[in-house]
Amino acid sequence: MTVYLKTRITAVGPEVADLAEGGVVILFADGAPEELAEVSILHKSVDGPADNQPEAGTPIRIGALDTTITAVGETAWKKVRDIGHVVISFNGAAAAERPGEICAGVVDTAALVAALSSGTEITIGE
């Protein structure tokens, strides 16, 4: 299987845990404006992003937390490629509500919050 993106968390904004407790994480590449960094996980790509986008069923891993993608919004992967930005909703939805969103399987939100720390790898695919 293809690795669509492998990236490493470089910083976690002060409001990230509140969003993650609701099953939502926002990724932004290093260098995001301060007001966006407050609610975002900043990251630096290790591999990718691939030109082609992942599909439903593609694995997604944050540290030791595993699930699969259930839907990809129509502009989500373009934003990942262009500016390293995406909203990941761990809601299990079969269709993304917003064009820039990737939906993934429901996870234990306490485990999600615990996984979000500097140095943790996020992998889509594999």
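Along each chain, residues carry numbers from 1 onward, in the same order as the chain's sequence is written. Per-residue local features of the predicted model are confined to residues with pLDDT of at least 70, and side-chain atom pairs are confined, for both listing and counting, to 80 or more; whole-chain, interface and lining totals are unaffected and use all residues. Side-chain descriptors were evaluated using all non-hydrogen atoms of the structure, hydrogens and water having been removed beforehand.

> Which residues make up the nonpolar core, and what values do they have?
The set of buried Ala, Val, Leu, Ile, Met, Phe, Trp, Tyr and Cys residues whose side-chain atoms join them within 4.5 Å is what this entry labels a nonpolar core. Buried, partly exposed and exposed residues are distinguished by accessible area as a fraction of the type maximum, computed with a 1.4 Å probe on protein chains only: under 20%, between the cut-offs, and over 50%, respectively. Ranked by internal contacts, the top residues of the largest apolar core, which has 28 residues, are Val25, Ile88, Phe90, Leu112 and Leu116. By size, the runner-up hydrophobic cluster in this structure holds six residues, among which are Ile26, Phe28, Ala32 and Ala37.

> If you had to explain the packing of aromatic side chains to someone new, which residues and values would you point to?
Pairing of aromatic rings covers Phe, Tyr and the six-membered ring of Trp, with a centre-to-centre limit of 6.5 Å; geometry is then stacked below 30 degrees between planes, edge-to-face above 60, and tilted otherwise. All chains considered together, the criterion is met by one aromatic pair. A ring pair is formed by Tyr4 and Trp77, whose centres lie 6.3 Å apart and whose planes are at 85°; its orientation type is edge-to-face. Placement of Tyr4 in strand E1 (residues 3-12) and of Trp77 in helix H3 (residues 76-83) is noted, with a sequence separation of 73 residues between them. The buried category is assigned to Tyr4, whose relative accessible area is 11%. Comment: elements are numbered from the N terminus, with helices defined as DSSP H or I runs of at least four residues and strands as E runs of at least two.

> With reference to specific residues and values, describe the sheet that holds E1.
Backbone hydrogen bonds are what pair the strands of a sheet, in a parallel or an antiparallel way. Paired strands, as defined in this entry, are two strands with at least two bridges between them according to DSSP. If you walk around this closed barrel you meet the eight strands as E1-E3-E2-E6-E7-E5-E4-E8, and the pairing is mixed. Each strand of the sheet is rotated relative to its neighbour by a mean of 35°, with strand direction disregarded. As defined by bridge partners, E1 adjoins strand E3 (residues 41-47) across six bridges and the pair is classed as antiparallel. Across the sheet, the residue bridging to Ala11 is Leu42, located in E3. Axes here mean lines fitted to C-alpha atoms, for a helix over just the part in contact, with angles spanning 0 to 180 degrees between N-to-C directions.

> Could you give an account of H3, with specific residues and numbers?
All of the buried residues in H3 are Ala76, Trp77 and Val80. In an axial view of H3, the angular spread of the buried residues amounts to 95°, which keeps them on one side of the axis. Contact definition: two residues touch when any of their heavy atoms are within 4.5 Å. If you follow the buried residues of H3, they end up packed against E1, strand E5 (65-72), strand E6 (86-89), strand E7 (101-104) and strand E8 (121-125). Where H3 ends, the next residue or the one after it, Gly84, has phi of about 70°, a positive value. Working definition: the arc comes from the directions between the helix axis and the C-beta atoms, pointing outward to the latter.

> Give me the pattern of salt bridges: which residues, what numbers.
A pairing counts as a salt bridge when a side-chain nitrogen of Lys or Arg comes within 4 Å of a carboxyl oxygen of Asp or Glu. Scanning the model with the defined rule gives five salt bridges in all. When the shortest N-O distance is used, the salt bridge between Arg61 and Asp66 registers 2.7 Å. Among the ionic contacts, a cluster of salt bridges with common partners joins Arg61, Asp66 and Glu126.

> Give a description of a negative patch on the surface that names residues and reports values.
Taken together, Glu15, Asp18, Glu21, Glu34, Glu35 and Glu38 make up a surface patch of like negative charges. At the level of secondary structure, the elements contributing two or more residues to the negative patch comprise helix H1 (16-21) and helix H2 (34-37). Structurally, Asp18 can be placed in helix H1. Only residues whose relative accessible area exceeds 30% and that form no salt bridge are eligible for patches; like-charged ones are grouped when within 9 Å, while nonpolar side chains (Val, Leu, Ile, Met, Phe, Trp, Tyr) are grouped when within 5 Å. A 1.4 Å probe and the Shrake-Rupley method give the accessible areas. Residues count as covered only by the protein chains that appear here. Positive charge is attributed to Lys and Arg, negative charge to Asp and Glu, and no charge count is given to His or to the chain ends. The atom standing in for a charge is NZ when the residue is Lys, CZ when it is Arg, CG when it is Asp and CD when it is Glu.

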